[in-house]
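Observations on the model geometry
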Amino acid sequence: MVQAKPKAKLTYDDYVNLPGDERYELIDGELILVASPSERHQWTATRLYRLMLLAEDMGLGWVYFAPFDVVLTDKDVVQPDLLFISRESANILTAANVQGAPDLVVEILSPFTSRLDRTRKRELYERHQVKEMWLVDPEERKIWVLLLRAGSLEVAGEYGEGQSFSSAILGGLAIELEAVFQARS
């Protein structure tokens, strides 16, 4: 019986030495090409970034946006759309990347990334003890907030138009969905 040879799992060294300017993530050694975000995705990311900067202005930590590598293991490297590193976690920041789990990650869903964000990346963030994750759907104008509880990222709330939520990680900062999803003028 002939058996298929398993694909070699890539490492962070393989990842950083890839040719070209394409954007990739590495999950369990599997290289995943990340498509360029849409205008609506970028608009939503910009709106969230501006709101999250208020926590940075309060001296609570730092906000970053993709592409910025988050190295969770030698075989797990992701680029969340937005991430927050608290002052208490500052030791994971390097000039090149983040070496460990951010306190908060934001994944903005698209038709191409939704399944990956909701499954494999969520499981990866859970395994590495990310404290808070937001899944943001610009098409449905909804945000799901997941909190780490007893080692699992559980949905703590689903928010839609006209609603707001606050993040303990961001010092109780209130996120108004109208401000996130407002139309361009």
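Residues numbered from 1 in each chain as written. Predicted model: local features only at pLDDT ≥ 70, side-chain atom pairs only at ≥ 80, totals over all residues. Heavy atoms only, no water.

Remarks on helix H2 (residues 39–57)
Every α-helix winds through 3.6 residues per turn, so residues three or four apart in the chain are directed the same way. Stated formally: Helix and strand assignments come from DSSP, with helices taken as H or I runs of at least 4 residues and strands as E runs of at least 2, each series counted from the N terminus. Expected helix span is taken as 1.5 Å per residue step, with the number of steps being one fewer than the number of residues. Buried residues are those whose accessible area, probed at 1.4 Å on protein chains only, stays under 20% of the maximum for their type, while exposed residues exceed 50% and partly exposed ones sit between those limits. The criterion used for residue contact is that any of the two residues' heavy atoms lie within 4.5 Å.
If you check H2, its first and last C-alpha atoms are 27 Å apart, about what 19 residues at 1.5 Å a residue would give, namely 27 Å. Restricting attention to buried positions, one finds in H2 the residues His41, Thr44, Ala45, Arg47, Leu48, Leu51, Met52 and Ala55. Summarising the contacts, the buried residues of H2 are in contact with strand S3 (61–65), strand S6 (82–86), strand S8 (104–108), strand S9 (132–137), strand S13 (173–176) and helix H4 (177–181). At the C-terminal side of H2, Gly59 shows a positive phi close to 80 degrees.

Re unusual backbone geometry
Residue Pro67 is reached from Ala66 by a cis peptide bond, and omega for that bond is 0 degrees. In this fold, Pro67 is placed in the loop between S3 and strand S4 (70–73). For Gln129, which is not glycine, the phi torsion reads 65 degrees and is therefore positive. Summarising the element assignment, Gln129 is placed in the loop between helix H3 (114–127) and S9. Gln129 sits in the partly exposed class, given a relative accessible area of 41%. Within the chain, Arg141 stands out as a residue other than glycine whose phi angle is a positive 60 degrees. Of note, Arg141 is situated in the loop between S9 and strand S10 (142–149). Owing to a relative accessible area of 24%, Arg141 belongs among the partly exposed residues under this scheme.

Looking at the pairing of strand S11 (residues 152–159)
Short version of the rule: Pairing between strands requires that DSSP locate at least two bridges from one strand to the other.
Alignment of S10 against S11, held across 7 bridges, turns out to be antiparallel. Each bridged residue has a counterpart across the sheet, and for Trp144 the counterpart in S11 is Glu158. Joining the antiparallel neighbours S10 and S11 is a turn of 2 residues, in which Ala150 adopts a positive phi near 50 degrees.

Some details on the pattern of salt bridges
What counts, and what does not: Basic side-chain nitrogens of Lys or Arg form a salt bridge, by our definition, when they fall within 4 Å of a carboxyl oxygen of Asp or Glu.
Inspection of every chain in the model, using the stated rule, returns 11 salt bridges. Salt bridges sharing partners connect three or more residues here, namely Glu25, Glu107, Asp117 and Lys121.

Here's the deal with the sheet that holds S6
What counts, and what does not: Axis definition: a line fitted to C-alpha atoms, over the contacting stretch in the case of helices. Angles run 0 to 180 degrees between N-to-C directions.
What the 6 strands build is an open sheet, ordered S3-S6-S8-S9-S10-S11; its pairing is mixed. Looking at strand neighbours, the two that pair on one side only are S3 and S11, the edges of this open sheet. For this sheet, the mean inter-axis angle between neighbouring strands, taken without regard to orientation, is 15 degrees. Where S6 and S8 come together, 3 bridges link them in antiparallel fashion. Bridge pairing in S8 places Leu83 opposite Val105. Here H2 sits on the sheet and contacts S3, S6, S8 and S9; the angle it forms with S3, its principal contact strand, is near 170 degrees.

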